Amino acid sequence: MEVNDRGYQLIKQELFRHLRTDSNAYKDSYLLRRIRARMRKLGISDFMDYYRLIRKNKEELDDLLLTVAINVTEFFRDPIVWKTLERKVLPELISFKKEHYSTTIRVWSAACSTGQEPYSIAMMFNEFLGDDIRRYKLSILATDIDREALNTAIRGAYPKEVVEKSVPKHLIRKYFLPMGDHYRVSPQLRRYVKFQHFNLLSNEYPKGFDMIFIRNVLIYMTKQAQEEVFRRLYDSLEDHGYLILGKTETILGSASRLFKLHDLVARIYVKKPEVV
Ligand SMILES: C[S@@+](CC[C@H](N)C(=O)[O-])C[C@H]1O[C@@H](n2cnc3c(N)ncnc32)[C@H](O)[C@@H]1O
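Cut-offs and rules
- Residues numbered from 1 in each chain as written.
- Predicted model: local features only at pLDDT ≥ 70, side-chain atom pairs only at ≥ 80, totals over all residues.
- Pairing = 2+ DSSP bridges.
- Helix = DSSP H or I, 4+ residues; strand = E, 2+ residues; numbered from the N terminus.
- Axes fitted to C-alpha atoms, helices over the stretch in contact; angles between N-to-C directions.
- Contact = placed C-beta atoms within 7 Å.
- Parallel < 35°, antiparallel > 145°, perpendicular 65-115°, else oblique.
- Left-handed = near helix turned anticlockwise from the far one by under 90°.
- Nonpolar A, V, L, I, M, F, W, Y, C, P; charged D, E, K, R; others polar.

Q: Account for the sheet that holds strand β9 (residues 259-263), naming residues and giving values.
A: As summarised here, the arrangement of the seven strands in space is β6-β2-β1-β7-β8-β10-β9, forming an open sheet in which the pairing is mixed. With partners counted over all chains shown, the strands left at the sheet margins are β6 (193-197) and β9, one partner each. Sheet twist, expressed as the mean angle between neighbouring strand axes with direction ignored, is 25°. In the packing of helix α6 (residues 116-129) onto the sheet, contacts are made with β1 (104-109), β2 (137-144), β6 and β7 (209-214), and the angle to β2 comes to roughly 165°.

Shown next as structure tokens:
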């Protein structure tokens, strides 16, 4: 079994020493696939040979780190989710805010990759609230473990075809500025989003959110690591808070008692405040 291969185990240790995370948090099937892909590219077939290479060659180690923290994403990924948020969740959240005379809206995009998700959130709120957005203090915290992805996110400039593929034309006109063969997110939208480096396997989570997006990252983690993340996210959400997972993800094991399913298709959950 490849999982027991000494070379593979050493690669794993080295990888997680650099990611400063628990080496048991990611699924072996996922790690093996990513490591094998790098090895194939370099024409290496033995794990031990690849281990020796990453010990010597810092650049290769960095490349491996990036393939593990795979950051595929897009604007308005899974349109049905965004439609559900707009039709069902935002009206509820805004009525709640009005009832409670609250004007702050705090959202966390907890594995934001290169920034398309938090900028989509900012567009969604702007579109939904229109001029009323001025009455609210909207802040979107966007975090990821991958610093390179965060740098792209902070720049907020994307190749034109990336933007045109998934952002409707009228929103491009409104929220992007053309810049050669790129579009840059306008300062008007960028000011709502704050980017920060954050590892989901750490203990200290930020708190006080109305909504947390944790999409397409937990699939790479083991059941136990996922349960711990869900427990911490529970404390990070306000009592009325919403948790938005990726379209094929669910809450596993004992963590499922912490949240109630709010929309099955869009994988939106709400916090069950009564659970201790
Ligand atoms: C597939 S992307 C998801 C992006 C976006 N949420 C979406 O659904 O389109 C997964 C992201 O999770 C990040 N990630 C992986 N492990 C992480 C960890 N332990 N802490 C924080 N982010 C992590 C990766 O760097 C990557 O950018």
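Q: Before we move on, can you summarise the sheet that holds strand β4 (residues 176-179) with the specific residues and values?
A: Strand order in the open sheet formed by three strands is β3-β5-β4, and the pairing between neighbours is antiparallel. Looking at the sheet topology across the chains shown, the edges are occupied by β3 (157-159) and β4. Each adjacent strand pair in this sheet contributes to an overall mean axis angle of 30°, direction not counted.

Q: Residues and numbers for the packing of helix α2 (residues 28-42) against helix α4 (residues 58-68), please.
A: One way to put it is that α2 packs onto α4 with a least axis distance of 10 Å and a crossing angle of 140°. Accordingly, the angle class assigned to the pair α2 and α4 is oblique. Like other packed secondary-structure pairs, α2 and α4 cross with a definite hand, here right-handed. On the side of α2, the interface is formed by Leu31, Arg34, Ile35, Ala37 and Arg38, while α4 contributes Asp63, Leu64, Thr67 and Val68. Residue composition of the contact of α2 with α4, by class: five nonpolar, one polar and three charged.

In short, shape yes, function no, at least from these values alone.
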